[in-house]
There are 2 protein chains.
Amino acid sequence: MVKPVRFSVDDILDAATQAVHQHWRSATVAHVTAVLGAPSGSIYHRFASRDALFASAWIRAVRRYHAQFDEIAAIADPVQAIVETGMLLPRFCRANPLDARMLTVFRYRDLQADPPAGLHDALQDLNAPVGRLLSELAERRYGRVSTRGLALVALAARDTPLGMVRPLIGDPIPDWMDEPIRAACEAVALLDDH
Amino acid sequence: MVKPVRFSVDDILDAATQAVHQHWRSATVAHVTAVLGAPSGSIYHRFASRDALFASAWIRAVRRYHAQFDEIAAIADPVQAIVETGMLLPRFCRANPLDARMLTVFRYRDLQADPPAGLHDALQDLNAPVGRLLSELAERRYGRVSTRGLALVALAARDTPLGMVRPLIGDPIPDWMDEPIRAACEAVALLDDH
DNA sequence: GGTCATCTAGAGACCGGTGTCTATTTGGAG
DNA sequence: CTCCAAATAGACACCGGTCTCTAGATGACC
């Protein structure tokens, strides 16, 4: 029917991710157009604003990260399941270094606090897979879902590995990091749910 | 001799820290002048640029954090010394929440990569206390200073607690966090220096 | 009281980035 | 071929933030 698409949404998000890789938080729409070889009009044709563009790229990266969660259910031992959940992060960083860097640009809390135009709903649902996984892990680990149990599991499976890996994101994560990450996750996962 | 100072360097840094507390990375010079009740000229009279201002406030916060390091030498057991080094961070966040938030605005690596006008030297020396402390801890823990040993100690005493605490910085760090932080630090500190 | 260095004071120039507006291209359908 | 919706194309208006520039205030010292 119409003029064929030259810059698809995914093309633009790829370029945005590339621009963030190079300029991190100071990436601009001009950087994206430079990567893409497109004028700014083509960007604004598909995205309401600069913020909506970069937030969309962030959301796509988060979803790709969540896509790894399936395999955790197959791990029998609860503590090991928590540890392996933690290990998903360094693995993701190695497999998708650009998306990993994209992940560090926003915090979920901030985006949800005032969502860029049109992304309110996408952000609403975004964290559900994490919530589900953590609840399931807490349930399996402690036999019930307590506030503290949930907090411990979140700390073990999410915050601890993230903190250890974060300073390196952008560069490759060395293999020797795996052992200490496992050790830290496991130590937290072994704590008692009082 | 001259006109008395109405806005000292420390006053301005306090205001910058306050502005960062409210606006985080998007804090502007105008936000600082609003807190301080001073015109922008008074800010630029003492600081070469916006970046130099905020970086100076960051450096002051880092130095205050380093000021806690002295007491670690007194701890006899090496592993415990590493764990207590890790615990300095949550303690600092509780005692100086505004400076803690300031700490999250820059990364040492980025600032050193291109230092704001006039801060090159200050940044050069800034990390020395950390380097000294970590070397000392690695030496005590493993009886020698290996690359891997140093990396493990850095991970245990610095990155792990930072990662666990980071998502909460800005809000108060709850007391129940101490136990998991200790557990994670200790687990990493107990790993072998191959 | 005059002098001078230092500092306050604030208006606005300047600059880079966002987002708009209009023109143009494209190819299938009639 | 003509028409139309969808998309590209890019010039530039606009805006918020940084930083400059000039004027004026202040008080120690002579």
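Look up: the structure comes first, before these words.
Residues numbered from 1 in each chain as written. Chains lettered and ligands numbered in written order. Predicted model: local features only at pLDDT ≥ 70, side-chain atom pairs only at ≥ 80, totals over all residues. Heavy atoms only, no water.

Let us now look at the interface of chain A and chain B. Contact with chain A, which involves 29 residues of that partner, is made by 26 residues of chain B. Together chain A and chain B conceal approximately 2,300 Å² of surface at their shared face, both sides included; 61% is due to carbon and sulfur atoms. On the chain A side of the contact with chain B, Leu155, Trp176 and Glu179 of chain A bury the most area, a combined 19% of that side's loss. The interface formed by chain A and chain B includes four salt bridges. With its nearest N and O atoms 2.9 Å apart, the salt bridge here joins Arg109 of chain B to Asp171 of chain A. For the pair chain A and chain B, the interface holds six residue pairs in polar contact (both at pLDDT 80 or more). Those elements giving two or more residues to the side of chain A that touches chain B turn out to be helix 7 (108–113), helix 10 (147–165) and helix 11 (178–189) of chain A. Per-element tally for the side of chain A that touches chain B: the top contributor is helix 10 of chain A, with eight residues. A class-by-class count of the residues in the side of chain A that touches chain B yields 16 nonpolar, three polar and ten charged. (Contact = heavy atoms within 4.5 Å. Buried area = accessible area lost by both parts, 1.4 Å probe. Salt bridge = Lys/Arg side-chain N within 4 Å of Asp/Glu carboxyl O. Polar contact = N/O pair within 3.5 Å; in protein donor to acceptor, adjacent residues only side chain to side chain. Helix = DSSP H or I, 4+ residues; strand = E, 2+ residues; numbered from the N terminus. Nonpolar A, V, L, I, M, F, W, Y, C, P; charged D, E, K, R; others polar.)

The next subject is the relation of the copies chain A and chain B. With an RMSD of 0.1 Å, the fit of chain A onto chain B corresponds to turning through 180° and sliding 0.0 Å along the axis. In the structure described here, the two chain copies are related by an operation that fits a two-fold rotation axis. Judged by C-alpha distance, Gly163 of chain A is the residue of chain A that lies nearest the rotation axis, at 1.5 Å. The fraction of interface residues of chain A whose copies in chain B are also interface residues reaches 90%, indicating that both copies meet through the same surface. (Least-squares fit on C-alpha atoms with pLDDT ≥ 70 in both.)

Attention shifts here to the packing of aromatic side chains. Going through the model one piece at a time under the given rule, you end up with six aromatic pairs over all chains. Seen from their ring centres, Trp58 of chain A and Phe106 of chain A are 6.3 Å apart, and the 85° between their planes marks the pair as edge-to-face. Of this pair, Trp58 of chain A sits in helix 4 (residues 50–66) while Phe106 of chain A sits in the loop between helix 6 (97–103) and helix 7, and the two are 48 residues apart along the sequence. Taking relative accessible area as the criterion, Trp58 of chain A reaches 5% and is therefore assigned buried. Among the aromatic residues, those joined into a ring-pair cluster are Tyr65, Phe69 and Phe92 of chain A. Above the ring of Trp24 of chain B, the side-chain terminus of Arg25 of chain B is found at 4.7 Å from the ring centroid. The ring of Trp24 of chain A has Arg107 of chain B lying over it, and the distance from NZ or CZ to the ring centre is 5.6 Å. (Phe/Tyr/Trp six-rings, centres within 6.5 Å; stacked < 30°, edge-to-face > 60°. Buried < 20%, exposed > 50% of the residue type's maximum accessible area, 1.4 Å probe, protein only. Lys NZ or Arg CZ within 6 Å of the ring centre and 35° of its normal.)

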